[in-house]
Amino acid sequence: MRPYRQFALLALAALALPARAESCADTNFSTLAASACMGSFSGDLIGSVAETAALSAQWGGSWAFAGRSDAVGNGPFNTHPQVAFSGTLGLDTPASDTFVVGLVAAGQFSWYRFQAAAPISSLTFDNTEGVATTPQGNPLSLSYAALYVSAVPEAGSASLLLVGLLTLSAVIAKRRG
């Protein structure tokens, strides 16, 4: 096992103590179905290195924390559902490609991975059962949502950037020559 993967799995284990019995799959999204999920874990989502390492270990790639719905101005979200067991998370900037939303309720969290073929501006979730429940199995109120985005530019974006840099270099070389 690669050293970074071992670190990420250890970091995830530290985040997960003690994990509750809920299954993240108990929460569904109607706008766009989650392609995968993991959780429920004990703790908060604050954008730590351990969180992004755990996402990388589970789903590959490199991840960047974009913010939380309970931040001033709602972070990357345009709404912050208050005391909601279900609801809609609006996004300031439509999300596309691969991104992760973390839902937090009562000190428990679950991560949901999405793969959007076209940009979406909101996600509607049916309940927080996949995050935290009462001993009777009732969902607990959403505390906040967190957004993680892919930190590696897509191949198309990288190619476009490279073409731009080569063009700029050619213009500079022509002016000097």
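That block above? That's the structure.
Residues numbered from 1 in each chain as written. Predicted model: local features only at pLDDT ≥ 70, side-chain atom pairs only at ≥ 80, totals over all residues. Heavy atoms only, no water.

### Here's the deal with the overall build of the protein chain
What the protein chain contains, in helices and strands, is 3 helices and 5 strands. In the protein chain, the succession of α and β elements from N to C terminus is α-β-α-β-β-β-β-α. Surface exposure of the protein chain reaches about 9200 Å², of which carbon and sulfur atoms provide 60%. (Helix = DSSP H or I, 4+ residues; strand = E, 2+ residues; numbered from the N terminus. Areas by Shrake-Rupley, 256 points an atom, 1.4 Å probe, with all protein chains shown as cover.)

### Looking at the state of the cysteines
A disulfide bridge is the covalent bond that connects two cysteines by way of their sulfur atoms. In the structure shown here, the tally under the stated rule is 1 disulfide. The disulfide that involves C24 links it to C37, with 2.0 Å between the sulfurs. Looking along the S-S bond of the C24-C37 disulfide, the torsion reads about 70 degrees, which is the right-handed sense. Highlighted residues: C24 in the loop between α1 (3–15) and β1 (36–42) and C37 in strand β1, separated in sequence by 13 residues. We classify C24 as buried; its relative accessible area is 7%. (Disulfide = S-S within 2.5 Å. Buried < 20%, exposed > 50% of the residue type's maximum accessible area, 1.4 Å probe, protein only.)

### Observations concerning the sheet that holds β1
Pairing between sheet strands relies on hydrogen bonds along the backbone, with the strands arranged either parallel or antiparallel. Reading across the sheet, the 5 strands line up as β1-β4-β3-β5-β2 and stay open at both edges, with antiparallel pairing between neighbours. With partners counted over all chains shown, the strands left at the sheet margins are β1 and β2 (63–68), one partner each. Each strand of the sheet is rotated relative to its neighbour by a mean of 30 degrees, with strand direction disregarded. Here 6 bridges tie β1 to strand β4 (residues 108–125), and the two strands are oriented antiparallel to one another. Each residue of the ladder has a partner; that of F41, found in β4, is F109. On top of the sheet, helix α2 (residues 49–59) reaches β1, β2, β3 (87–105), β4 and β5 (144–150); it is set at about 140 degrees to β1, its chief contact. (Pairing = 2+ DSSP bridges. Axes fitted to C-alpha atoms, helices over the stretch in contact; angles between N-to-C directions. Contact = heavy atoms within 4.5 Å.)

### Re the packing of aromatic side chains
For the structure shown, the criterion picks out 8 aromatic pairs. Seen in terms of ring centroids, F29 and Y112 are 5.1 Å apart; in terms of plane orientation they differ by 65 degrees. Their pairing is edge-to-face. Placement of the pair is F29 in the loop between α1 and β1 and Y112 in strand β4, with a sequence separation of 83 residues. The exposure classification of F29 matches that of Y112, with both residues buried. Taken together, the aromatic side chains of F41, F65, F109, W111 and Y148 make up a single cluster linked through ring pairs. The ring of Y144 has R68 sitting right over it, with the charged end atom 3.6 Å from the ring centre. (Phe/Tyr/Trp six-rings, centres within 6.5 Å; stacked < 30°, edge-to-face > 60°. Lys NZ or Arg CZ within 6 Å of the ring centre and 35° of its normal.)

### Considering the side chain of S69
Here S69 shows up in the loop between β2 and β3. Sequence-distant contacts of S69, that is, excluding residues within four places in its chain, are made with N74, F77, T79, H80, Y144 and A145.

### Let's talk about unusual backbone geometry
A cis amide bond links G39 to the next residue, S40, at an omega of 15 degrees. Locating S40 in the fold gives a position in strand β1. Its identity is not glycine, yet A106 carries a phi of approximately 50 degrees, on the positive side. Note that A106 resides in the loop between β3 and β4.

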